[in-house]
Amino acid sequence: MNASETPRVAAVVGVGAGLGAALGRRFAQAYKVALVARSSEITVPLAEEIRSAGGSALPIQSDATVAAQVCAAHEQARRQLGSIDVLIFNGGRRPFGTLLQTTPEVFEETWRIHALGAFLWARQVVPDMLTRGTGVILITGATAGVKPFPTSAAFGPAKFAARGLAQVMARDLHPQGIHVAYINVDGGIDMPVLRQHLPDVKDDDLLKPSAIAETFWHLAHQDRSAWTHELDVRPFKEKF
């Protein structure tokens, strides 16, 4: 998609205090943004912040793992903001546990959040994108979707599934004008919950949410002659 064809509406699904909020702020500089999360704790004040800065933001409370809620959230965004041109799926749960430490319930819930949620949201936005012959779908990934740790018995398979879905959609939708990309976030994101658990961590050890958001912005505006499907972002000192 060319920058001259900037879409009108972006939806960020999975808005927390870290990357999700940063994505909302960045895309609100030029888009109407739908801020979607299961809780309104972050989305409501973030929407007020964006509006006070002159932007347009709509907080929507919705569970991405429930098809009926996804459908309702999409229709609300479509009705109040317009057809979604950029979908950012930012599933966030990251449980730790080996095979025997992971319950079937945690395994299934993690898959539903990262893979099923992306599937359900993509099915909502793609029909309008196909009609226009243009659109962007960006999925927040993790290294667990490429090279999981032993303690990623739930998270690894979920991210592998999300990455696989992104590849399937890219092969299907790229020739039809819809750009699909998977962004491997390789490292810890600087956000309040991580700082609480790792109080001694240094700034250089973490990815800045605003810096990751700039990469998403770049992907959303790549010329169609040079689209990226998979991309890594990591701190300069991160081993890989």
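Residues numbered from 1 in each chain as written. Predicted model: local features only at pLDDT ≥ 70, side-chain atom pairs only at ≥ 80, totals over all residues. Heavy atoms only, no water.

Asker: Would you mind showing me how to read the pattern of salt bridges here?
Answerer: Close approach of charged atoms allows side chains of opposite charge to pair. Tallied over the full model, the rule gives eleven salt bridges. Among the salt bridges present, the one from Asp-186 reaches Arg-234, with a minimum N-O distance of 2.6 Å. Placement of the pair is Asp-186 in the loop between strand E6 (178-185) and helix H6 (192-197) and Arg-234 in the segment after strand E7 (230-233), with a sequence separation of 48 residues. The class of Arg-234 is partly exposed, set by a relative accessible area of 24%. Measuring nitrogen to oxygen at the nearest pair gives 3.3 Å for the salt bridge that ties Arg-234 to Asp-232. Here the salt bridges do not stand alone but share partners, grouping Asp-186, Asp-232 and Arg-234 into one network. (Salt bridge = Lys/Arg side-chain N within 4 Å of Asp/Glu carboxyl O. Helix = DSSP H or I, 4+ residues; strand = E, 2+ residues; numbered from the N terminus. Buried < 20%, exposed > 50% of the residue type's maximum accessible area, 1.4 Å probe, protein only.)

Asker: Help me out: how do you make sense of the packing of aromatic side chains in this one?
Answerer: For any pair of aromatic rings, geometry is given as the distance between the ring centres together with the angle between the planes. Summed over the entire model, instances satisfying the criterion amount to three aromatic pairs. Three or more aromatic residues joined by ring pairs make a cluster, and in this case those are Phe-27, Tyr-31 and Trp-217. Above the face of the Phe-96 ring, Arg-94 is positioned so that its terminal group lies 3.9 Å from the ring centre. (Phe/Tyr/Trp six-rings, centres within 6.5 Å; stacked < 30°, edge-to-face > 60°. Lys NZ or Arg CZ within 6 Å of the ring centre and 35° of its normal.)

Asker: Even after reading the chapter, I still don't get helix H5 (residues 155-173), so can you show me in this structure?
Answerer: Each full turn of the α-helix corresponds to 3.6 residues, which orients residues three or four apart in the same direction. The end-to-end C-alpha distance of H5, which contains 19 residues, comes to 26 Å, matching closely the 27 Å that a straight helix rising 1.5 Å per residue would cover. Burial in H5 covers these residues: Phe-155, Gly-156, Ala-158, Lys-159, Ala-162, Arg-163, Leu-165, Ala-166, Met-169, Ala-170 and Leu-173. (Expected span 1.5 Å × (residues − 1).)

Asker: Explain helix H1 (residues 19-27) here, please?
Answerer: By the criterion of burial, H1 is predominantly enclosed, with eight of the nine residues buried. Burial in H1 covers these residues: Leu-19, Gly-20, Ala-21, Ala-22, Leu-23, Gly-24, Arg-26 and Phe-27. Close packing links the buried residues of H1 with strand E1 (9-13), strand E2 (32-37), helix H2 (43-52), strand E4 (86-89), strand E5 (135-142) and helix H7 (209-220). (Contact = heavy atoms within 4.5 Å.)

Asker: Would you mind showing me how to read the environment of Asp-223 here?
Answerer: Here Asp-223 lies in the loop between H7 and E7. You can call Asp-223 partly exposed: its relative accessible area is 38%. Along the sequence, Asp-223 and Ser-40 sit 183 residues apart, while their C-alpha atoms lie 35 Å from each other. Engagement of the side chain of Asp-223 in a polar contact is seen with the side chain of Ser-225, the distance being 2.7 Å. (Polar contact = N/O pair within 3.5 Å; in protein donor to acceptor, adjacent residues only side chain to side chain.)

Asker: What am I meant to see in the packing of H1 against H7 here?
Answerer: Where H1 contacts H7, the axes come no closer than 8 Å and their chain directions differ by 50 degrees. Judged by the inter-axis angle, H1 sits oblique to H7. You can see that H1 and H7 cross each other, and the crossing is right-handed. Facing Leu-19, Ala-22, Leu-23, Arg-26 and Phe-27 of H1, the residues of H7 in contact are Pro-209, Ser-210, Ile-212, Ala-213, Glu-214, Phe-216, Trp-217 and Ala-220. Split by residue class, the contact of H1 with H7 holds ten nonpolar, one polar and two charged. (Axes fitted to C-alpha atoms, helices over the stretch in contact; angles between N-to-C directions. Parallel < 35°, antiparallel > 145°, perpendicular 65-115°, else oblique. Left-handed = near helix turned anticlockwise from the far one by under 90°. Nonpolar A, V, L, I, M, F, W, Y, C, P; charged D, E, K, R; others polar.)

Asker: Teacher, can you tell me more about the sheet that holds E4 here?
Answerer: Adjacent strands of a sheet form backbone hydrogen bonds with each other and so pair up, either parallel or antiparallel. Strand order in the open sheet formed by seven strands is E3-E2-E1-E4-E5-E6-E7, with parallel pairing between adjacent strands. Since the sheet does not close on itself, it has two edges, and those belong to strand E3 (56-61) and E7, each with one partner. The average undirected angle you get between the axes of adjacent strands in this sheet is 20 degrees. Relative to E5, E4 is paired through four bridges, and the arrangement is parallel. Opposite Ile-88, over in E5, you have Leu-138 as the bridge partner. (Pairing = 2+ DSSP bridges.)

Asker: Would you mind showing me how to read the pairing of E3 here?
Answerer: A regular strand places its side chains on the two faces of the sheet in alternate fashion. Direction of pairing for E2 relative to E3: parallel, over a ladder of six bridges. The residue of E3 that forms the bridge with Lys-32 is Ser-56. Where the polypeptide runs from E2 across H2 and back to E3, its parallel neighbour, the crossover connection is right-handed. (Right-handed = clockwise from strand over helix to strand, strands pointing away.)

Asker: Whenever I open this one, the side chain of Asn-90 confuses me. Can you help?
Answerer: You can see Asn-90 is positioned in the loop between E4 and helix H4 (104-132). For Asn-90, a relative accessible area of 9% translates into the label buried. In this structure the side chain of Asn-90 is engaged in a polar contact, spanning 2.9 Å, whose partner is the backbone oxygen of Gly-14. At a separation of 2.9 Å, a polar atom in the side chain of Asn-90 contacts the side chain of Thr-140.

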